[in-house]
Amino acid sequence: MVQMTVFTGERSMAGYRLNKLSASLIDPANRANFLADEPAYCRRFDLTDAETKLVKNRDWTGMVEAGGNVYVFLKIAATVGSNLLEVGAEMRGETLTQFMATRPPQKRSK
Amino acid sequence: MGQIVGGIGVSHAPSLARAYDEGKGEDPVWRDIFKSYEPAAEWLKALEPDALVVVYNDHVNQFFFDAYPTFALGVANTFAQADEGWGKRPLPDLQGDSDLGWHIARSLVADEFDPTICQEMVVDHGVYSILPFLMPPPWETPIVPLAVNVIQHPLPTAQRCFNIGAAIGRAVTSFRDARIVIIATGGMSHQLHGTDFGHLAPDWDNEFLDLLESEPEALCELNHLDYMQRGGAESVEVIMWLVMRGAMGSRVRNIHRAYFAPMLTGYGLVCFESA
């Protein structure tokens, strides 16, 4: 069985504030505001203390549990200079190096 | 009358966009993947399409969950590139074809399909990551984009995707003389969240490609969890390929096929003509 969290309507409701903050980061001005004062930005989107902590800790696993959608919270990762591979490694409980060792390309190149 | 002269199923992925922008065509990991798109691009050019219908999903760049449409049709003469959080890529906006767009809108609604009709729509890597490989910019061929909800459940069924594809096929037939290619992007196997992040299923992906060509009704019968358990949760988006297949009619001839799974996503490619 592949382990997964299905993004149901109920999860989408639970994660609404978090996802709304994340989605807002498609705007460069919003990204600048987020980087300038992250706690204020979280307050602007009415995040709970628990949700604000998930953002602060870049806790991607916790965001999924809280109703965050990976396509959306990736915009937080983009804003803070991270990327999908780093986010994924964290969710697997691995370092990026450990994760990359599981990929076919590493066996063939370099 | 209009005619669907070709159908393409192809994966989209941010990694493809990055590889394209970084010019990875000679990189050992990417060389064969880049080369696999060349026959498709040459075939597409030779078809001389008047417009492309492109079926894809929006990654919460145009639509948010305040109002997330199950199907959304872009009816406009230009579509801007979305900024997904990393900034825009150095690529032009897309040209649209509002004549064909309105015609498809009217035909679909008369046919009892009810897409949200969008006169402004930014388009994200669902289209932009793969289009440069299939059609080098600058882009002169206009597109009609159809966005499908494959993110927030409930999703349309695989059968529904096939059926709306068939309805698009009927819409094209009742349009004026025009050569139309329908492209569906998405998938194949991948999972982007949780402890099984990175799940790949090349055997299933290849079985899907076989069935898509010769037995699409078997794919229409699978439910979303069937797709998600085989290919990973996010791979459910491969149901969008059934929109293309539905538009192609009962039998197709395979022109080109390729498959790679180097990193996070199964990169599949098929080019069909109606048989």
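Quick look at the structure, then. (Residues numbered from 1 in each chain as written. Chains lettered and ligands numbered in written order. Predicted model: local features only at pLDDT ≥ 70, side-chain atom pairs only at ≥ 80, totals over all residues.)

1. As for the environment of B:Asn206
Logical step 1: Note on placement: B:Asn206 falls in helix H7 (residues 202-214).
Logical step 2: Taking the C-alpha atoms as reference points, B:Asn206 and B:Glu120, separated by 86 residues in sequence, lie 36 Å from one another. (Helix = DSSP H or I, 4+ residues; strand = E, 2+ residues; numbered from the N terminus.)

2. Observations concerning the pairing of strand E9 (residues 252-260) of chain B
Looking along a regular strand, one sees side chains alternate from face to face of the sheet.
Residues and elements named next belong to chain B.
Logical step 1: Sheet topology places E9 next to strand E10 (residues 267-274); eight bridges connect them, and they run antiparallel. What sits directly across from Val252, in E10, is Ser274.
Logical step 2: Remark: six residues form the turn of the hairpin made by E9 and E10, two consecutive strands paired antiparallel. (Pairing = 2+ DSSP bridges.)

3. Description of the interface of chain A and chain B
Logical step 1: The interface is formed by 38 residues belonging to chain A together with 31 residues belonging to chain B.
Logical step 2: Elements with a contribution of two residues or more to the side of chain A that touches chain B: helix H1 (9-14), helix H2 (16-24), helix H7 (70-79), helix H8 (84-92) and helix H10 (104-108) of chain A.
Logical step 3: Among the elements that line the side of chain A that touches chain B, the one with the most residues is H7(A), at seven residues.
Logical step 4: Each residue belonging to the side of chain A that touches chain B can be placed in one class, and the counts come to 21 nonpolar, twelve polar and five charged. (Contact = placed C-beta atoms within 7 Å. Nonpolar A, V, L, I, M, F, W, Y, C, P; charged D, E, K, R; others polar.)

4. Looking at the pairing of E10(B)
Residues and elements named next belong to chain B.
Logical step 1: With respect to burial, E10 is a largely interior element, six of its eight residues being buried.
Logical step 2: Relative to E10, strand E1 (residues 2-10) runs antiparallel, the two sharing four bridges. Across the sheet, residue Gly9 finds its bridge partner in E10, namely Val270. (Buried ≥ 20, exposed ≤ 12 C-beta atoms within 10 Å, placed from the backbone.)

5. Focus on the sheet that holds strand E7 (residues 143-148) of chain B
Neighbouring strands of a sheet are bound in pairs by backbone hydrogen bonds; such pairs are parallel or else antiparallel.
Residues and elements named next belong to chain B.
Logical step 1: As summarised here, the arrangement of the eight strands in space is E6-E3-E7-E2-E8-E1-E10-E9, forming an open sheet in which the pairing is mixed. The outermost strands of the open sheet, each flanked by one partner alone, are strand E6 (116-118) and E9. Averaged over all pairs of adjacent strands, the angle between their axes in this sheet comes to 20 degrees, without regard to strand direction.
Logical step 2: Direction of pairing for strand E3 (residues 71-74) relative to E6: parallel, over a ladder of three bridges. Residue pairing across strands places Ala72 opposite Thr116, the latter belonging to E6.
Logical step 3: Across the sheet, helix H2 (residues 31-47) lies against E1, strand E8 (178-185), E9 and E10, angled at about 155 degrees from E9, the strand it touches most. (Axes fitted to C-alpha atoms, helices over the stretch in contact; angles between N-to-C directions.)

6. Focus: the nonpolar core
Logical step 1: Counting 120 residues, the largest nonpolar core has B:Val55, B:Ile182, B:Ile183, B:Met240 and B:Met244 as its most contacted members.
Logical step 2: Apart from residues lying up to four places away in sequence, B:Val55 is in contact with B:Leu146, B:Val148, B:Ile183, B:Ala184, B:Met240, B:Val243 and B:Met244. (Core = buried A, V, L, I, M, F, W, Y, C linked by C-beta atoms within 7 Å.)

7. A closer look at unusual backbone geometry
Logical step 1: B:Pro154 follows B:His153 through a cis peptide bond whose omega is 5 degrees.
Logical step 2: Mapped onto the fold, B:Pro154 is located in the loop between E7 and helix H6 (158-173).
Logical step 3: For A:Arg58, which is not glycine, the phi torsion reads 50 degrees and is therefore positive.
Logical step 4: Tracing the backbone through its elements, the reader meets A:Arg58 in the loop between helix H5 (49-56) and helix H6 (60-65).

Remember, this is a structural readout, not a statement about activity or role.
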